[in-house]
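Residues per chain are reported as follows:
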There are 2 protein chains.
Amino acid sequence: MKKHNFSPGPAILPASVIKEAAQGVLDLDGIGLSVLEISHRSKQFIAIYDEAVALVKEILNLGDEYSVLFLSGGASTQFFMAPMNLLNEDETAAYVDSGTWANKAIKEAKLFGKVEVVGSSKADNYTYIPRDWQVPAEAKYLHLTSNNTVFGTQYHWWPEVSQPIVCDMSSDMFSRPIPMEKFGLIYAGAQKNMGPAGTTLVIVRKDLLGKVRRPLPSMLDYRIHEDNGSMYNTPPVFPIYVCMLTLRWIKANGGLGAMDQANQAKAELFYNELDANPLFNGTVTNKADRSLMNPTFVAINEELDKAFDAAAKAQGLDNLRGHRMVGGFRASMYNALPMESVQLLVDVMKEFAQKHG
Amino acid sequence: MKKHNFSPGPAILPASVIKEAAQGVLDLDGIGLSVLEISHRSKQFIAIYDEAVALVKEILNLGDEYSVLFLSGGASTQFFMAPMNLLNEDETAAYVDSGTWANKAIKEAKLFGKVEVVGSSKADNYTYIPRDWQVPAEAKYLHLTSNNTVFGTQYHWWPEVSQPIVCDMSSDMFSRPIPMEKFGLIYAGAQKNMGPAGTTLVIVRKDLLGKVRRPLPSMLDYRIHEDNGSMYNTPPVFPIYVCMLTLRWIKANGGLGAMDQANQAKAELFYNELDANPLFNGTVTNKADRSLMNPTFVAINEELDKAFDAAAKAQGLDNLRGHRMVGGFRASMYNALPMESVQLLVDVMKEFAQKHG
């Protein structure tokens, strides 16, 4: 039975990328060696790395004022690395607490400076994106989490602030165009729209760096990675290779405008069914904040919850279970998930309502 | 033409592991999904992860007093993470400066406590392993680098000290048995004998942790990784998968005793030729310190250097060039390099001497 992979991450990758990646493991571009056993300083890997960086710049239309780095350690490492590089102990940063990951970022930032939580939906179990907050004038930056994988919410607007925005885009990076001029630092674990687990994209405005007084270990200093083209140490070669293949796929399929269009269409198909279906409810209270990446929903009672889980699995709809903090279901719909998979999910939901409604 | 891969790292992996890894990228164990697109919390990956940890414990005969972690960030991250977790600012650690990587470890440790360099061969361009040094009684640990990939030296003895040894074993981990009782912490980037680039094995004695006063970011606290089975955040799934496959291969091929025997035999074959051949010299001044992993050697003049480089390449002997700090050649011979490749190298050296001698 064909699997339809709704995994929240590590997540579905384009079928063509999977094939190319497997071939690269066997024999990279016919050189007689696997991509797993070549030096990171080989001309083959340097070409892969340079192409990955060039594709990021092209797809985002980035100027030279930004560094593009492929690091390791996941977004969780960026939770502390960003404030460590941008914030002195006596300085303030503004954070919005819009979900689990935002909350973890806040916790880590407190080790390095003053953190002002300017907005929060924590008391309401993060069922919406906080609004109408103010950023204090003295804040060095504003930290946002653009999409909340766990709770199914997403920013569909960007605040008007004078500070640079530092943004965790792990779960919606490369799913839509972004107004880069608002951002001082963007970080994203690869394992949603960009590649497999094991590397993290960091895009940072160079003029923001070098202003903290604390001594930084080499591996935690963005400038050292920039000066060494992300090769201060051995980078995660294979994860970066697969990111490059996926970025090629994004470009070949029309770039971020086309990704956004397809993601909007998939989400519309799904949410229309969700709103029409009497047996399910969305968990996000403000519909304007619904995520295009991770729609979350629950069945109206526990019996139907179990029955739908079984019905979905029987059709090859995989990894639909919601996070334990929300329960129910989560239909993660990253770039590589085809419309056909969403259509099948919607058909199964419709049929389920006919049978159990 | 068949390639013989002498890359210093990322390095050659067993041919069977490469094949299995490629199959896992296409379809993991027939589940209909790639290993690149499954959740790190899926039962498939948890089984992979648990098997990798169990194999490390079995192969090293490790007791429960040790934590086994698969982290990211490379050995370069461990350079600062080890002192950050083990050393208070007013405490002392002893370091031996036996090569480039040892030197970098010393630099990073100085950010976190007092570092006493008890032995160094830096003034002699690291052409031997320092001996006859003393560790001060107050030192919390002794840091060593077991094998120097750049300079071709290796410890073939372990000091008698009362302190736990903290050891960077990146380039000879799993190449030979080790007396675990001497070690408090061992770290090793995967990309030599263990797998592809992208994960780092950390083995740490649990009783050494939790004694530093400084607050630690979550991702830099060994205890948090231990408490979460290396899944505090999304781990590098594919690199860990390939490590598991390679550890299976090590076990199936007789474990560390057998690896050591094969590595000794390969090194003997090579060094015998090096010592007999009039056109080459080893770069390590104390033969007792010669590395079994990375023999380094130079031709007796520049003309022969270029001619041998061409002769080796013509036979498919790949990645033989030495590090820029040493020049000449480096024949890295990790576990997966077959005897046949070393035999061919020796044959080419012999023939070269007959032609140019």
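What this report covers is the structure whose coordinates are included nearby. (Residues numbered from 1 in each chain as written. Chains lettered and ligands numbered in written order. Predicted model: local features only at pLDDT ≥ 70, side-chain atom pairs only at ≥ 80, totals over all residues. Heavy atoms only, no water.)

1. Things to note about the packing of helix α2 (residues 43-60) of chain A against helix α6 (residues 237-252) of chain A
All names here are of chain A.
Okay, so step 1: In contact at an axis separation of 9 Å, α2 and α6 are set at 40° when each is read in the N-to-C sense. Regarding the angle of α2 to α6, the classification is oblique. Pair α2 / α6 crosses with left-handed handedness. Where α2 approaches α6, its residues F45, I48, Y49, E51, A52, L55, V56, E58 and I59 are matched on the opposing element by V237, I240, Y241, M244, L247, R248, I250 and K251.
Okay, so step 2: Tallied by class, residues from the contact of α2 with α6 come to 13 nonpolar, no polar and four charged. (Axes fitted to C-alpha atoms, helices over the stretch in contact; angles between N-to-C directions. Helix = DSSP H or I, 4+ residues; strand = E, 2+ residues; numbered from the N terminus. Parallel < 35°, antiparallel > 145°, perpendicular 65-115°, else oblique. Left-handed = near helix turned anticlockwise from the far one by under 90°. Contact = heavy atoms within 4.5 Å. Nonpolar A, V, L, I, M, F, W, Y, C, P; charged D, E, K, R; others polar.)

2. Details of the side chain of D260(A)
Residues and elements named next belong to chain A.
Okay, so step 1: With respect to the element layout, D260 can be found in helix α7 (residues 255-276).
Okay, so step 2: Within the buried core, D260 has no salt-bridge partner, and the shortest N-O distance to an opposite charge, that of R176, equals 6.3 Å.
Okay, so step 3: Excluding residues that lie within four positions of it along the chain, D260 makes contacts with S175, R176, P177 and L292. (Buried < 20%, exposed > 50% of the residue type's maximum accessible area, 1.4 Å probe, protein only. Lys, Arg positive; Asp, Glu negative; His and termini not counted. Salt bridge = Lys/Arg side-chain N within 4 Å of Asp/Glu carboxyl O.)

3. Remarks on the interface of chain A and chain B
Okay, so step 1: Chain A puts 55 residues into the contact, and the matching count from chain B is 55 residues.
Okay, so step 2: Each partner contributes to the roughly 4,000 Å² buried at the junction of chain A and chain B, and carbon and sulfur atoms together form 64% of this total.
Okay, so step 3: Summed over the shared surface of chain A and chain B, the number is zero salt bridges.
Okay, so step 4: Secondary-structure elements contributing two or more residues to the side of chain A that touches chain B are α1 (15-26), α3 (74-86), α4 (100-109) and α6 of chain A.
Okay, so step 5: If you tally residues by element for the side of chain A that touches chain B, the top one is α1(A), at six residues.
Okay, so step 6: Grouping the amino acids of the side of chain A that touches chain B by side-chain chemistry returns 30 nonpolar, 18 polar and seven charged. (Buried area = accessible area lost by both parts, 1.4 Å probe.)

4. A look at the pairing of strand β4 (residues 114-120) of chain A
Residues and elements named next belong to chain A.
Okay, so step 1: Sheet analysis places strand β3 (residues 92-97) next to β4, joined by six bridges and oriented parallel. Paired with A94 across the strands is E116, a residue of β4.
Okay, so step 2: The parallel pair β3 and β4 is bridged by α4, and the resulting crossover is right-handed. (Pairing = 2+ DSSP bridges. Right-handed = clockwise from strand over helix to strand, strands pointing away.)

5. A few points about the packing of aromatic side chains
All names here are of chain B.
Okay, so step 1: Counted according to the given criterion, the structure contains 39 aromatic pairs over all chains.
Okay, so step 2: Ring centres of F79 and Y187 lie 6.2 Å apart, and the angle between their planes is 70°; this geometry places the pair in the edge-to-face category. Of this pair, F79 sits in helix α3 (residues 74-86) while Y187 sits in strand β9 (residues 183-189); the two residues are 108 residues apart in sequence, bridging distant segments of the chain. For the pair shown, F79 and Y187 are each scored as buried.
Okay, so step 3: Seen in terms of ring centroids, F280 and F352 are 5.9 Å apart; in terms of plane orientation they differ by 35°. Their pairing is tilted. Linking F280 in strand β11 (residues 280-282) with F352 in helix α9 (residues 339-356), this pair joins segments that are 72 residues apart in sequence.
Okay, so step 4: A relative accessible area of 1% means that F280 is categorised as buried.
Okay, so step 5: Its relative accessible area of 5% is what places F352 among the buried residues. (Phe/Tyr/Trp six-rings, centres within 6.5 Å; stacked < 30°, edge-to-face > 60°.)

6. A word on the sheet that holds strand β2 (residues 66-71) of chain A
Residues and elements named next belong to chain A.
Okay, so step 1: With mixed pairing, seven strands are arranged side by side in an open sheet as β2-β10-β9-β8-β5-β3-β4. At either end of the open sheet lies a strand with only one pairing partner, and these are β2 and β4. Between one strand axis and the next, the sheet turns by 20° as a mean value, whatever way the strands run.
Okay, so step 2: Pairing between β3 and strand β5 (residues 142-145): two bridges, direction parallel. Considered in β5, the bridge of A94 is made with L142.
Okay, so step 3: Running at roughly 160° to β3, α4 makes contact with β3, β4, β5, β8 (165-168) and β9 (183-189) of the sheet.

7. Structural notes on unusual backbone geometry
Residues and elements named next belong to chain A.
Okay, so step 1: With an omega dihedral of -10°, the bond running from G9 to P10 counts as a cis peptide bond.
Okay, so step 2: With respect to the element layout, P10 can be found in the loop between β1 (4-5) and α1.
Okay, so step 3: Here F174, not a glycine, exhibits a phi torsion of approximately 65°, which is positive.
Okay, so step 4: With respect to the helices and strands, F174 occurs in the loop between β8 and β9.

8. Observations regarding the relation of the copies chain A and chain B
Okay, so step 1: The two copies are related by a screw operation: chain A maps onto chain B through 180° of rotation and 0.0 Å of translation along the axis, at an RMSD of 0.0 Å. Taken together, the rotation and translation describe the operation of a two-fold axis. Considering only C-alpha atoms, the residue of chain A closest to the rotation axis is A22(A), which sits at 2.3 Å.
Okay, so step 2: The fraction of interface residues of chain A whose copies in chain B are also interface residues reaches 100%, indicating that both copies meet through the same surface. (Least-squares fit on C-alpha atoms with pLDDT ≥ 70 in both.)

9. Quick notes on the pattern of salt bridges
Okay, so step 1: With the rule as written, the count across this model stands at 37 salt bridges over all chains.
Okay, so step 2: With its nearest N and O atoms 2.2 Å apart, the salt bridge here joins D289(A) to R131(A). Of the two residues, D289(A) is situated in the loop between β11 (280-282) and β12 (296-299) and R131(A) in the loop between β4 and β5; the sequence distance between them amounts to 158 residues.
Okay, so step 3: For E226(B), the salt bridge is made with K206(B), and the minimal N-O distance between the two is 3.9 Å. Of the two residues, E226(B) sits in helix α5 (residues 222-227) while K206(B) sits in the loop between β10 (200-205) and α5, which places them 20 residues apart along the sequence.
Okay, so step 4: Classification of E226(B) as partly exposed rests on a relative accessible area of 29%.

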